[in-house]
Amino acid sequence: MKRILFPTLLLIVLATACTKPYSPQEKLTANDAEINAIIAQMTLEEKVEMLHSKTNMSSAGVERLGIADINYADGPFGIREEGVPNGFQSAGWTLDSATYFPTGSALAATWSEDLAYKYGTGMGREARLRGKDVILGPAVNIQRLPVGGRTYEYLSEDPILSAALALYYTKGVQDEGTAVCIKHFAVNNQETNRGSVNVKIDERTLREIYLKPFERAIIEGGAMSVMPAYNKVNGDYCSENEHLLNEILRGEWGFKGMTVSDWGGTHSTMGAMLHGLNVQMTGSNYLGQPVIDSIATGALTEEQVDEKVRQILRVRYAIAPVPADVANTEMTSQPESQRIAREVAEKAIVLLKNEGILPIKAEVKKIAVIGQNAVLKTQSGGMGAGVKALYEITPLEGIRTRAGEGIEVSYAPGYKNYPGFRWGPAPAEPNPLEAAAIDEPADPELLAEAVALASTADLVIFFGGTNKSIETEGSDRKDIKLPCGQETLVQALYEANPNLVSVLISGGPTDLQVLEPASPAIVQGWWNGTEGGTALAKVLFGDIAPSGKLPFTFPKKLEDSPAYALGNFPGNNTGGDLFTLMFRPDVIKMTPAERQALIDALPKPESDYTERFYVGYRWFDTQKVEPMYAFGHGLSYVIFDYDGIKASVKGDKVKVSFQLTNEGEMEADEVVQLYVQRLRSNVEWPEKELKAFKRVSVKPGETRKVSLEIPLADLRYWNEETNAWDLEHGQLRLLLGSASDDLRLTAEVTI
Ligand code: GLC
C-alpha cells in the first residue's frame, strides 16, 4: 500500500503546485481560459466598447454574453455620493451617505498596517453596498511638496511607510471583493499644471522613492487596477508611458490587471494602445471608433485589442458583480465602518508639544473653544475625494459631549474662514464669517470676542489650520502660513490666558513659527473623519494617550523644504494647463487637429526633481536643517523606555529586538521606528532612512520584547550603471527610537 500512497501524494502535491496561481498578480490569470473563450465570441465593436467609459463612473461589459459593466467609485477615504450618469453632479440619492474615514495623512499618522487593513475592509464593504466594483484609491503619491494640494489625500513623504499602508489598504479592500485602482501612477506630486507638467526625474529616485508604494501594493497586494496620472514623466504622458506601464508595471512587476486613465487623462489612440492603457475615462475619442479605424488601416491589430480586453476581463472575473436588486438597498455607512473610522482617528492624533497642560486637568471647569475649525465639517470638498457622510462629529461637538454637565464649554469663531476660489457669483449677502482673501488680517471684532471669552476660562482650546478649499485637488497652496489672521489671534489669546492648547485641523504641514511660542500644547488633529471630534475629545481629556506620529516633516519655514530650497518649485510651472483646457466646451468641440494645435501652442511646464531622493527628512537630516517637528515625531502621555537592543543578520533579513517599557500610569501605544545609516559606503545615501516600524500597545509598568526585521531586499539601491537593483555589502548602523530625531538605541551589523 505504502508503495502506491507516497508517489500518488507526491503527484497531487506537484499537480497542485503547478496549477495553483502562485503570486497575487498571477491569481488574476486563473480565469484566462474562460476569458479567452468569451473574447472569441465577442465582436470587435463589443471589445472596443470595453476600452472607454460608458457613463462618468462606469465602463462597459458585454450584456449579450452576460459580462456586467464595471462600476467605479471615488475616493480614497469614503465612497463618494452617486453622481449623474454623465457627470459629477449629485444624483440626489438618500442611501449613498457613507462613512467618512480619516484622510490619507491621518491614516498614515497611525503608522499601523493593521488599521490600514481594517480601513480597507470598511471601504471595500461600503463600495459593494453601493454596487461598485472598483474604488479609485488608495492615493499613494509621495508628499514631495508641503504645499501640495493633495498632500492631505496622500500618505507620507517616506516610501517605506507609504508602501506598507498602501499594501494593507489594498489587501483590506480586495479581501472584501472590491478592486482597488491605486493612483496616480506615477510621480503626481503637484496640482499646478497637473494635466501637462513634465516631471524630470532620475531612475534611482523614481524607483527608490516614488514607485515604492505602487510596487508593494501591486506585487504583494495584487492590486487589480492602476490609474496612470495626468502628468508626464520624462517626456511621456503617464497614460501612454512605455517605461512606466509596459516595462515596469507589466514587464518587471508582472501586473496582470487593467489601467484606467484619470478622468480626462488620455491623450492619443496609438499612444494609449501601444503603451499600456486599457480604459479611457472618460469619453471615446481615443479608445473608441479610432481604434476600429486603426485596425482597418492596419495600424493596430485585433490581437492588440484582445490583450486589452483580456486584462479588463481578468478584473471583471475577479470581482463578483453586485446584483442590481442588492445594490443601494441599505444605507452605505455601516456601524462597523464607523467603529473602524473612530479607531483610526484615535490613533492618528499627534501630540506635537505638551508643557504639562494635557490631558485636561480635573480642576478645569470652564473651557473656551476658539476657532471656526472647531465647528466646520471637513467631509466634503477636495473634488474627487469629497464624501457625503452619514454624520460627522465636529471637534466642538466631541468636546461638549465628553465634558458633560460638569464643565462649561463656550465657543467663539475667532477668525474668518477663507472659502477658497468661488466658482459661481458672490452671494447677495456676504457671510460675515467668510474672508475674501486667505491672507486677510485678523478681524478686530471676532478677535475681541474671542479674547474676552478666553480671559475668563480655565482652559483655552484654539482650533486653527486650513480647510478643504485651501488644501484641495486642482491647486497647490502658495505657502503654508496659517490663514486669515490666525497667528495674530493665537498670540492675543495666549496673552489673555496662557493655559492654551492649539489644535491644528489641516491635512498638510503649516508654518508654526508664531503659533508655537504661544501654545504650551499643540495637537495635530487632521481631517479626521466621521468620528474625528469624538476621538479628539478622548485624547484631550486623557481617556486615551495620543499615539500618532507625523508622516511628514513640519518645516520651520517653507523655504527650508528641498524643492523650494533648490528652486525646483514653483520653478517654471507657469502658463496654461492642458488639463483645465480639455474640459472647456469649445475645446471639446474642436477636431483632434485643432486641439493638438492648441496643445502645441501651450507653454511646456516642467518640474525638475533635482533634489533626487532627498525628499522630506532625507533632506533635512542630510543638510542638517532643523525642522519645526521631525518626521515620525509624536508625544504620548507616558514615557517609554528603550533598552537591550540586539541585532543580527539571519538569512535574507536584518533582525532587531529590544525591550520597551511603559513607565507611565496608563496604557499607551508607541510607534517604534528603525532607521538605517550606511557606514563607509561607496554609494551616495541620505543621512538615514526609515526601514521598519511597529506600533506596540504597552500596559502601565509593562515591559514588552519588540522585534522588527528589515528584508535585505529593502536595503538595495537602484544602480544606474547596471540599471538594476543592487545590494551593497558593508556596515550598517541601526538607529531605533520614537522619532527620526528621537533615537534611543543603536547597533551595527554587516550585510
Ligand atoms: C480626478 C482625480 C482622480 C479621481 C478622478 C475621478 O481628476 O485626479 O483622483 O479619481 O478624477 O473623480
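Residues numbered from 1 in each chain as written. Predicted model: local features only at pLDDT ≥ 70, side-chain atom pairs only at ≥ 80, totals over all residues. Heavy atoms only, no water.

Regarding its fold elements, the protein chain presents 22 helices and 26 strands. For the protein chain, buried positions account for 60% of its 751 residues. The long-range fraction of contacts in the protein chain, counting pairs at least 24 apart against all pairs at least 6 apart in sequence, stands at 77%. (Helix = DSSP H or I, 4+ residues; strand = E, 2+ residues; numbered from the N terminus. Buried < 20%, exposed > 50% of the residue type's maximum accessible area, 1.4 Å probe, protein only. Contact = heavy atoms within 4.5 Å.)

Segmentation of the protein chain into domains returns domain 1 (28–318), domain 2 (349–552) and domain 3 (636–750). Taking only C-alpha atoms into account, the centre of domain 2 sits 35 Å from that of domain 3. In total, about 800 Å² of surface goes out of reach between domain 2 and domain 3, with carbon and sulfur atoms giving 59% of it. Looking only at domain 2, the three residues that lose the most surface to domain 3 are Ala545, Ser547 and Lys549, adding up to 59% of its buried area. Where domain 2 packs against domain 3, one counts one salt bridge. Across the salt bridge formed by lysine 549 and glutamate 670, the nearest N and O atoms sit 3.3 Å from each other. At the boundary of domain 2 with domain 3, the tally comes to four residue pairs in polar contact (both at pLDDT 80 or more). Breaking the side of domain 2 that touches domain 3 down by element, the ones donating at least two residues are strand E11 (350–354) and helix H17 (532–540). Here the side of domain 2 that touches domain 3 is built from residues that sort into eight nonpolar, four polar and two charged. (Domains from an automatic or database assignment. Buried area = accessible area lost by both parts, 1.4 Å probe. Salt bridge = Lys/Arg side-chain N within 4 Å of Asp/Glu carboxyl O. Polar contact = N/O pair within 3.5 Å; in protein donor to acceptor, adjacent residues only side chain to side chain. Nonpolar A, V, L, I, M, F, W, Y, C, P; charged D, E, K, R; others polar.)

Close to the ligand lie 14 residues; Asp74, Lys183, His184, Tyr230 and Asp262 are nearest. Interatomic distance of 3.4 Å between a side-chain N/O atom of arginine 194 and an oxygen atom of the ligand. Separating an oxygen atom of the ligand from a side-chain N or O atom of glutamate 473 is a distance of 2.9 Å. Its free accessible area being 310 Å², the ligand has 97% of it covered by the protein chains. Looking at the shell around the ligand residue by residue, the class counts come to six nonpolar, one polar and seven charged. (Near = heavy atom within 4 Å. Areas by Shrake-Rupley, 256 points an atom, 1.4 Å probe, with all protein chains shown as cover.)

The next point concerns the pairing of strand E26 (residues 742–750). On a regular strand, each side chain points to the face opposite its neighbour's, so the side chains alternate between the two faces of the sheet. Relative to E26, strand E25 (residues 731–739) runs antiparallel, the two sharing eight bridges. Paired with leucine 734 across the strands is alanine 747, a residue of E26. Hairpin connection, E25 to E26: the antiparallel pair is bridged by two residues. (Pairing = 2+ DSSP bridges.)

So, about the side chain of lysine 232. With respect to the helices and strands, the residue lysine 232 is situated in strand E8 (residues 232–233). It is aspartate 236 that comes nearest to the buried, bridge-free lysine 232 among opposite-charge side chains, at 7.8 Å. Beyond its immediate chain neighbours, meaning those up to four positions away, lysine 232 contacts Ser196, Val197, Asn198, Val199, Tyr237 and Cys238. (Lys, Arg positive; Asp, Glu negative; His and termini not counted.)

Every α-helical turn comprises 3.6 residues, leaving residues that sit three or four positions apart pointing alike. Across its 17 residues, helix H12 (residues 302–318) extends 24 Å between first and last C-alpha, which sits within 8% of the 24 Å expected from 1.5 Å per residue. Buried within H12 are the following residues: Val305, Asp306, Lys308, Val309, Arg310, Gln311, Ile312, Leu313, Arg314, Val315 and Arg316. (Expected span 1.5 Å × (residues − 1).)

What follows covers the nonpolar core. Counting 128 residues, the largest nonpolar core has Phe185, Leu358 and Ile367 as the members making the most contacts within it. Here this core takes seven residues from helix H6 (residues 159–175), the largest share from any one element. Other than its neighbours up to four places away in sequence, isoleucine 367 contacts Ile360, Ile407, Glu408, Val409, Ser410, Ala457, Leu459, Ile461 and Phe541. (Core = buried A, V, L, I, M, F, W, Y, C linked by side-chain atoms within 4.5 Å.)

Counting through the fold element by element, glycine 283 comes out in the loop between helix H10 (269–274) and helix H11 (289–297). Sequence spacing of glycine 283 and tryptophan 263 is 20 residues, and the spatial spacing of their C-alpha atoms is 9.0 Å. Excluding residues that lie within four positions of it along the chain, glycine 283 makes contacts with His52 and Ser53.

The next subject is the pattern of salt bridges. Per the counting criterion, the structure on display carries 56 salt bridges. A salt bridge links glutamate 606 to lysine 200, with the shortest nitrogen-to-oxygen separation between them at 3.7 Å. With glutamate 606 in strand E17 (residues 606–608) and lysine 200 in strand E6 (residues 198–200), the pair connects residues that are 406 residues apart, well separated along the chain. Judged by its relative accessible area of 29%, glutamate 606 falls in the partly exposed class. Lysine 200 gets classed as partly exposed once you look at its relative accessible area, which sits at 34%. A salt bridge links arginine 744 to aspartate 742; its shortest N-O distance comes to 2.7 Å.

In contact at an axis separation of 14 Å, helix H7 (residues 203–210) and helix H9 (residues 242–252) are set at 55° when each is read in the N-to-C sense. Between H7 and H9, the angle falls in the class oblique. Viewed along their axes, H7 and H9 form a crossing whose handedness is right-handed. Facing H7, whose interface residues are Glu203, Leu206 and Arg207, H9 presents His243, Leu244, Ile248 and Glu252. (Axes fitted to C-alpha atoms, helices over the stretch in contact; angles between N-to-C directions. Parallel < 35°, antiparallel > 145°, perpendicular 65-115°, else oblique. Left-handed = near helix turned anticlockwise from the far one by under 90°.)

On to the environment of leucine 245. Relative to the helices and strands, leucine 245 resides in helix H9. With residues up to four places along the chain from it excluded, the contact list for leucine 245 reads Phe185, Pro228, Cys238, Ser239, Glu240, Arg250, Thr259, His275, Gly276 and Leu277.

Here the focus is the sheet that holds E6. A sheet is described by the order of its strands in space; here four strands give the open sequence E9-E8-E6-E17, paired in mixed fashion. Taken across any chain shown, the strands that pair with only one partner, and hence form the sheet edges, are strand E9 (236–237) and E17.

Moving on, we come to the packing of H6 against helix H8 (residues 212–219). Pairs of packed helices are described in terms of their axes, by the angle between the two and the distance that separates them. One can describe the packing of H6 onto H8 by two numbers: an axis separation of 8 Å at closest approach and a directional angle of 30°. Our classification of the angle between H6 and H8 gives roughly parallel. Considering the relative orientation of H6 and H8, their crossing is right-handed. For the pair H6 and H8, contact is made by Pro159, Ser162, Ala163, Ala164, Ala166, Leu167 and Thr170 and by Lys212, Pro213, Arg216 and Ala217, respectively. Tallied by class, the residues present in the contact of H6 with H8 amount to seven nonpolar, two polar and two charged.

Moving on, we get to the packing of aromatic side chains. Scanning all chains against the criterion turns up 21 aromatic pairs. Both rings, one in tryptophan 111 and one in phenylalanine 631, keep their centres 5.2 Å apart while their planes meet at 45°; by these two values the pair is tilted. Pair noted here: tryptophan 111 is in the loop between helix H4 (104–110) and helix H5 (113–129) and phenylalanine 631 is in the loop between helix H22 (617–622) and strand E18 (640–650), with a separation of 520 residues, a long-range link. Given the relative accessible area of 0%, phenylalanine 631 is considered buried. Aromatic ring contacts, followed pair by pair, group Trp111, Tyr617, Phe631, Tyr675 and Phe693 into a single cluster. A cation over an aromatic ring shows up here: arginine 144 above the ring of tyrosine 609, its NZ or CZ 3.6 Å from the ring centre. Note that lysine 688 overlies the ring of tyrosine 675, its terminal NZ or CZ placed 5.7 Å from the centroid. (Phe/Tyr/Trp six-rings, centres within 6.5 Å; stacked < 30°, edge-to-face > 60°. Lys NZ or Arg CZ within 6 Å of the ring centre and 35° of its normal.)

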